[in-house]
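Summary of structural features
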Amino acid sequence: MSIGGREERLAQLPPDMIEFTLLKTTGALAPRLGRISLAGRKTILTPAFIGNTSRGIIPHVSQDNYRKSVTLNGVYIPLEDFVEKHPQQTPPIFKYDVPEPLRKFIALPEDTLLVLGARRNPPIPSPVANTNTEVGLSTSVGFKSMSSEYYAAAVRKLQPDIVIGLADIPFGQESVGTKRKDKMSDRTELWLRDIIARKSTLDKGEKGWSIFAPILPIERDLQSWYLEHLLEDMVDKISGLAIYDTYLLDDLPDQLHHLPRLSFHAPASPHELLRQVSLGIDLFTIPFLADATDAGIVLDFTFPPPPKEASSSTRRILGIDMWHEDHATSVTALSDGCTCYACTKHHRAYLQHLLAAKEMLGWVLIQLHNHAIMAAFFDGVRASLEARTFDADVAAFEAYYEPALPEKTGQGPRIRGYQFKSEEHAKKEKKNPKAYKRFDADKIIELKAAHGQQPNKKPEMRDVIDDEALLGLVGMEPGVDVDPTTQLDGLKIGDDTKA
Ligand SMILES: [Zn+2]
C-alpha cells in the first residue's frame, strides 16, 4: 500500500486511538513484525523499544540532545516520578493548564508516542502494601500510596497517548500465596474497569487515550476470571497488553493475540531480548541500557552478528568498559562501525578522561551511543524477521557473543534516592562517596608546611580562607581519629563538634 493511502486511512481513525497492524507472524508464540500508528505521532515498526525515562527524560539526555541525537519514536513515563507532593499538595504537573500537560511539562517532541504507567521500570519495591483501592509508589521523597481513582483522574488530566492499566503486583516479594494471587487478579480487573469507565466520561472533543491491559505475572488459571471478563466485556475497549512475565505468554487467550504487547519483563541482556522477541513481544523498555551507561559500559554488538572468524574460539564481549586503562591513549571510536554522535565526534581516550573527571558529558555520550546501538539492533531484528532468517541469526548471535553484559567496575554518576531499593535505604552507609575526605595527620602537617603555616602558630588571613578549602584541608568526617593538636589552631567551624 502506498504511503499516501495509509495516511488517508489514519485520518479516518479516531484521532486518539492507536492502530496496530500485524504485518507478519507465523503463530501465536512466534516472532512477529508489526506497525503501531497514531495520528500525529511517528509510526513505530515493531519489534522495537521505547525510551525508559526517569522524571521525564532519558537519563543524561537533555531535551535538546534528545531532539538532535536520539531516534526514539516513543517513551515510557511513570506517574510516580511526578506525584511526590501527593496527597498533601497538588503536584505541580496537575496545575499546568495546557493541552497535553505531561508532554509539555517534560518538553517531549510532538511526534513522540507517550506511554504512561504508574510505576518505574523496574519498580522499586514499596513497603507500602497495595490495598483494594490503592497501590504503593516510590516517589523521589519517599513511599506513598495512590488510589485507582486518582490514577484514572491523573490520566484524564495528563492526556498520554497510551495508558497502562493499574496492576496489583507485589513487587519484590519472592513468593506470593494463592490467595494473594486471587486478589491480584480481582483488583487488577477492578482498576482496569476504573480506567475504562473514566474514558467513557470524556467530553466530546476531549483527547482520549488508548488502554493497555496488564497481564499479571501469574499462571493463567489464577487470573482466569480476570481474563474471561477481559474477553467478555473489555476487549473492544483496550488497544494493547502490558506483559509482566513473558514466559507465561502461552497462557494468553487467542482472542488477545491481535493486540500489541509491551513487555515490562526487564531483560538482563540482548539475548533475553531476542528470546522475548521470539515469543512475540512487540515493544520493550530496556532498563539495562541506562544501567550500562551509568557503569561506563559502551554497548558493542550488532544483530545479526558479523561473520565469525574461523580462527577465534572465544566469544566477543557485549560491551566495552570505558573505565579500563587500556583506553587512556586510544583514539579509536567507541565502537567500530557505529555512526552515532559520540562515535563520529569523539574517541575512547576522551571518554575515559570525562569519566575519570566525573564530567557529566561522559555519561551523555555513552547514553547516546548505547541508544544508537539498540536502535540498530532492532533494525537488524526486523530485517532478519523480514528475511525469515531470525532463528539462524539468533543462534549465530549466541555463538558470537558472551551471554551476559560485562560487570560494572568503575564508579557511576551520583546515585539518587529513587535509584535505591527500600532495604538499601535502611543501611547506614552513604549512597555516594564523599567528595572531600579528611587527610591523615602527616598529610595535614605537610600541607600546612607547603602553605607556610606552622603548627601552634595562628595563621594570618584565617578569616579569608573559604570554608570549602578548609573542609578539604581539615576534614569534617565524624569518627576518624586525628590528633586535635595537628589541626589548625583556634579553628571553629559550625558543625565541627561532630568530629
Ligand atoms: Zn556510537
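Just so it is clear, the model here is predicted, and its values are computed rather than measured.

**Structural notes on the UniProt feature "binding site: Zn(2+)" (unreviewed entry) in the protein**
Here the UniProt-annotated "binding site: Zn(2+)" (unreviewed entry) positions come out as Cys338, Cys340, Cys343 and His369. A compact arrangement is adopted by the annotated residues: their sequence extent is 32 residues, whereas the largest C-alpha distance between any two is 8.1 Å. When you line up the elements, cysteine 338 lands in the loop between β15 (319-321) and α9 (341-345). Those residues within four positions of cysteine 338 in sequence are excluded, and the remaining contacts are Ala333, Cys343, His369, Ala372 and Ile373. For cysteine 343, the position within the fold is in helix α9. Setting aside its immediate chain neighbours within four residues, cysteine 343 contacts Ala333, Leu334, Ser335, Cys338 and His369.

**What about the sheet that holds strand β10 (residues 210-215)?**
Read around the closed barrel, eight strands run β4-β5-β6-β9-β10-β11-β12-β13, paired in parallel fashion. On average, adjacent strands in this sheet sit at an angle of 30 degrees to one another, irrespective of strand direction. As judged from the three bridges shared by strand β11 (residues 240-243) and strand β12 (residues 261-263), these two strands associate in the parallel manner. Across the sheet, residue leucine 241 finds its bridge partner in β12, namely arginine 261.

**Some remarks on helix α14 (residues 441-450)**
Among the ten residues of α14, one are classified as buried, and the element is accordingly described as predominantly exposed. Glycine 452 occupies a position one or two residues after α14 and carries a positive phi of about 75 degrees.

**Looking at the pairing of strand β1 (residues 19-25)**
Summarising the sheet, β1 and strand β2 (residues 32-37) pair through six bridges and their orientation is antiparallel. From the neighbouring strand, leucine 22 faces β2, where its bridge partner is glycine 34. Hairpin geometry of β1 and β2 is characterised by an intervening segment of six residues between the two adjacent antiparallel strands.

**Looking at helix α8 (residues 287-294)**
Across the eight residues of α8, six count as buried, placing the element largely inside the fold. Within the span of α8, buried status applies to Phe288, Leu289, Ala290, Ala292, Thr293 and Asp294. On its buried face, α8 sits against β4 (48-52), β14 (297-299), β15 and α11 (360-386). Looking one or two residues past α8, glycine 296 carries a phi angle of roughly 75 degrees, positive in sign.

**Details of the sheet that holds strand β3 (residues 44-46)**
Taken in spatial order, the three strands make up an open sheet running β1-β2-β3, and their pairing is antiparallel. Looking at the sheet topology across the chains shown, the edges are occupied by β1 and β3. Adjacent strand axes in the sheet meet at a mean angle of 15 degrees when their direction is disregarded. Inspection of the sheet shows β2 paired to β3 by three bridges, in the antiparallel sense. Bridging across to β3, glycine 34 finds its partner in threonine 46.

The rules we used
- Residues numbered from 1 in each chain as written.
- Predicted model: local features only at pLDDT ≥ 70, side-chain atom pairs only at ≥ 80, totals over all residues.
- UniProt positions renumbered as here; feature names shortened; annotations may be inferred.
- Helix = DSSP H or I, 4+ residues; strand = E, 2+ residues; numbered from the N terminus.
- Contact = placed C-beta atoms within 7 Å.
- Pairing = 2+ DSSP bridges.
- Axes fitted to C-alpha atoms, helices over the stretch in contact; angles between N-to-C directions.
- Buried ≥ 20, exposed ≤ 12 C-beta atoms within 10 Å, placed from the backbone.

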